[in-house]
Every structure is written in structure tokens, then in C-alpha cells.
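Structural overview for review
Now for the letters of each chain:
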Amino acid sequence: MTDRYAVIGNPVAHSRSPDIHAAFARATAQDIEYLRLLAPLQGFAAAVESFRGADGRGASITVPFKEEAFRLSDALSDRARTAGAVNTLRFDPGRIYGDNTDGIGLVRDLTQNLGIAVAGRRVLLVGAGGAARGALGPLLDQNPASLVIANRTEMRAAELAVHFASAAAGALAALSFAALSGRQFDIVINATAASLAGEAPPLPGGLYAAAALAYDMMYAKHDTPFMALARAQGAQVADGLGMLVEQAAESFFVWRGVRPATGTVLEALRRAC
Ligand code: ATR
């Protein structure tokens, strides 16, 4: 029988996950069906239960349910526990296993697809919500020279820095946007929701070191405002389409034990974007 998976979110109509997982399944000869499920804002747990009851084997979890998926999981991977959020559910016999593949997806896109080492670099992570939280552990695992978290609401950045301090060997700090003035970074990652609102986070100018990368976790046909501003300052830019494909590949591995190649899928999505 064909194993069933789904992406569950609200909204979910524009999710690229069904195309990505269908391509992975074809390439690895895995017999799966992958659906798009819109869960009511107050009905996430019920949607998961009903899909599980209908022979669902696992799910990708997207906005705004990643924290709820964390709470719903009976067992968690270390990286999901550290992130406090779950983007991948696997329905094992008698339990729901929760994992988080977002951070490793980001790191693989940076290091493998874009050829940008994180080790030894000065990294600025902008934002302190779920997306930033998911990225922090895997970024710190790469041993950056320093990692600064900056957020519009400075207190949230400070809380994240405290939460991850033990994983950071002293290289982690939280700053307000204004306090970034005069500093330079090799990699600046936008993990805020500003691009969704057609805005750029109000960062001071002069942040980008020579050959720096500005990475937006969002993806769009054209540069996001954050990318456009960075490009105007001489930075190289990338959007989050590669991260999307890499986190999906890792989720596929969590479900199927098979790791799909990502290059051709990413190229096809980029052409269709
Ligand atoms: P997600 O799970 O997508 O990270 P979230 O937890 O709601 O969503 O967090 C959204 C992040 O985007 C926060 O860091 C938020 O900043 P605040 O903590 O100050 O709210 C940030 N954000 C949203 N819109 C922004 C904007 N226009 N400029 C700068 N930061 C913005």
C-alpha cells in the first residue's frame, strides 16, 4: 500500500512541499503519496489525529503550527528539543515522533549548495522567533567565530542568547539593531517575518564585510527588500529556496531512511519560481 504523508499548515495552498516530495519519491523509487492539508487555526491536533487515523505515516508542519507540533510530539529528536519547534512528524507505532530539519537545511544550503563555510565566520542572525530558534543550534554546531542575534524586540534576542549560551562556547551575543552600527559580518541571515510584509528589517548600513553573504530564509521570484538592500551594499545574496529543499530532504530521510539528492529538484523549482 502507498504510504501517505502531508504538509499541514494554515495557509498551505502555496506550499511547494508536495512537488518537492513527489520529485524525491520518483528519484528514490519510494512509493509515497504526499498531500496538502489545511488545518483550522484552532484545529491542528484534530487534523493530525484524523490524518494519522487515515493511514498517514508522517507530516511536514509549517506556519503557524511548529510550536504546537512540538507540544503534540510524544518523543523528540535532540535538535527539535533544542529548537522548541517541530517541522517534521513521524507516526511511529504508538507514538508521534517530532523532529526539526529547518536548521540543518539552512546549514546544508549555505555550506553545500552555496559553498559558504560558517566555521570561523562572523554571523549575524536577524530575528528571534521560531525560524531563528530553529537555526541557532545547527549554526553554532558549525563553530562560527561569533554569532550575534539581533531583533526588533531586543529582549527576545537576549532570551535566545541565554537559552543557547551553553552550546556557544562564548561566541554568542544579543544586540539591538541600533547597536549593530560599526560592526561587520561575513554572513547575515534574515530570519524575521519582515519579507512577508514586503519590508526589510531596519538594519544599519555598513554591516557587510568584503564578499559577505546576505541570506533571506524567505524565497520569492525577485529579491526580497532585505536582499535588495544588501545587494546595493555590495553583498552577495541568496534566498531560502535551497533551505526549503534541504529541510525537505532531511525530513524525507527521517521518514524513509533514504536521502534524496537535492540539486535537480532545486534547479527545477528555481526555474518554476
Ligand atoms: P517565525 O516563527 O516565522 O520566526 P515569529 O515567531 O512570529 O515567526 O517571529 C517573527 C520574527 O520576525 C520576530 O523576530 C519579529 O520581531 P519581534 O520579535 O520584534 O516581533 C520579526 N519581525 C516581523 N516583522 C518584522 C519587521 N517588519 N521588521 C523587523 N522584524 C520583524
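Residues numbered from 1 in each chain as written. Predicted model: local features only at pLDDT ≥ 70, side-chain atom pairs only at ≥ 80, totals over all residues. Heavy atoms only, no water.

**Observations regarding the packing of helix α6 (residues 130–141) against helix α7 (residues 154–164)**
Running from N to C, α6 and α7 cross one another at 40°; their axes reach a closest spacing of 11 Å. Taken together, the axes of α6 and α7 are oblique relative to one another. Crossing hand, α6 versus α7: right-handed. Together, A132, R133, L136, G137 and L140 of α6 and L160, H163 and F164 of α7 make up the contact between the two elements. (Axes fitted to C-alpha atoms, helices over the stretch in contact; angles between N-to-C directions. Helix = DSSP H or I, 4+ residues; strand = E, 2+ residues; numbered from the N terminus. Parallel < 35°, antiparallel > 145°, perpendicular 65-115°, else oblique. Left-handed = near helix turned anticlockwise from the far one by under 90°. Contact = heavy atoms within 4.5 Å.)

**A few points about the packing of aromatic side chains**
Following the criterion strictly, the structure yields five aromatic pairs and no others. One aromatic cluster is present, formed by Y5, Y34 and W255 through successive ring pairs. The lysine or arginine in question, R259, covers the ring of F253, its NZ or CZ lying 4.1 Å from the ring centre. (Phe/Tyr/Trp six-rings, centres within 6.5 Å; stacked < 30°, edge-to-face > 60°. Lys NZ or Arg CZ within 6 Å of the ring centre and 35° of its normal.)

**Comments concerning the sheet that holds strand β7 (residues 122–126)**
Ordered in space as β9-β8-β7-β10-β11-β12, the six strands form an open sheet in which the pairing is parallel. Taken across any chain shown, the strands that pair with only one partner, and hence form the sheet edges, are β9 (172–175) and β12 (236–238). Ignoring strand direction, the axes of neighbouring strands in this sheet form an average angle of 20°. Judged from the five bridges that link them, β7 and strand β8 (residues 146–150) form a sheet pairing that is parallel. For L124, the partnering residue across the bridge sits in β8 and is V148. (Pairing = 2+ DSSP bridges.)

**Quick word on α6**
Among the residues of α6, A132, G134, A135, L136, G137, P138, L139 and L140 are the ones counted as buried. Immediately beyond the C-terminal end of α6, within one or two residues, lies N143, with a positive phi of roughly 60°. (Buried < 20%, exposed > 50% of the residue type's maximum accessible area, 1.4 Å probe, protein only.)

**Thoughts on the layout of surface pockets**
Unfilled space is identified by rolling a water-sized probe across the atoms. Within this model, the largest pocket holds a volume of roughly 1,500 Å³. T62, V63, A131, L196 and M218 are the residues nearest the centre of the largest pocket, which is lined by 50 residues in total. Listed by contribution, the elements that provide at least two residues to the lining of the largest pocket are β3 (56–61), α3 (66–72), α6 and α9 (241–256). Here the residues of the lining of the largest pocket are counted per class, giving 26 nonpolar, 17 polar and seven charged. Residues from two domains meet in the lining of the largest pocket; each of domain 1 (3–101 + 247–263) and domain 2 (103–242) gives at least three. Taken as a whole, the second largest pocket encloses approximately 210 Å³ of empty space. If you trace the second largest pocket, you find 15 residues lining it, with R79, T82, G137, P138 and D141 closest to the centre. Broken down by secondary-structure element, the contributors of at least two residues to the lining of the second largest pocket are α4 (78–83), α5 (102–113), α6 and α7. If one sorts the elements of the lining of the second largest pocket by residue count, α6 sits on top with five residues. Looking at the lining of the second largest pocket residue by residue, the class counts come to five nonpolar, seven polar and three charged. (1 Å grid on protein atoms, 1.4 Å probe; cavity = no way out; pocket = protein on both sides within 12 Å on 5 of 7 lines; lining within 4 Å. Points joined across faces, edges and corners; volume = space filled by probe spheres on them. Nonpolar A, V, L, I, M, F, W, Y, C, P; charged D, E, K, R; others polar. Domains from an automatic or database assignment.)

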